[in-house]
Amino acid sequence: MQTWRDAWGRADDASESIRAALAALGVSESVLRCLRPTVTNSGGSYVDFGKLPADVVELIAEALRHPATSA
């Protein structure tokens, strides 16, 4: 059970991290609700992105092509 809890914690932390990054890009809360932490039967930590609107995926792709630089 502890293995599952640890995996869930990692998945939950990761989903919160991507939510924060997408929110900073101006993605709406309704889209952010599509992101869900999940754990596989074998204990793998994942974030399910669900269905994302094409414009949001383009926004993500653009951000990945041109990451912000540190000052």
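Just above sits the structure.
Residues numbered from 1 in each chain as written. Predicted model: local features only at pLDDT ≥ 70, side-chain atom pairs only at ≥ 80, totals over all residues. Heavy atoms only, no water.

Draft legend 1. A look at the side chain of Arg 19. Looking at the element boundaries, Arg 19 is found in helix 1 (residues 2-24). A relative accessible area of 18% places Arg 19 in the buried class. Reaching out from Arg 19, the side chain makes a polar contact with the side chain of Glu 16 at a distance of 2.8 Å. Excluding anything up to four places from it in sequence, Arg 19 contacts Leu 32, Leu 35, Arg 36 and Pro 37. (Helix = DSSP H or I, 4+ residues; strand = E, 2+ residues; numbered from the N terminus. Buried < 20%, exposed > 50% of the residue type's maximum accessible area, 1.4 Å probe, protein only. Polar contact = N/O pair within 3.5 Å; in protein donor to acceptor, adjacent residues only side chain to side chain. Contact = heavy atoms within 4.5 Å.)

Draft legend 2. Examining the environment of Met 1 more closely. Locating Met 1 in the fold gives a position in the segment before helix 1. The sequence separation of Met 1 and Asp 55 amounts to 54 residues, and the corresponding C-alpha distance is 39 Å.

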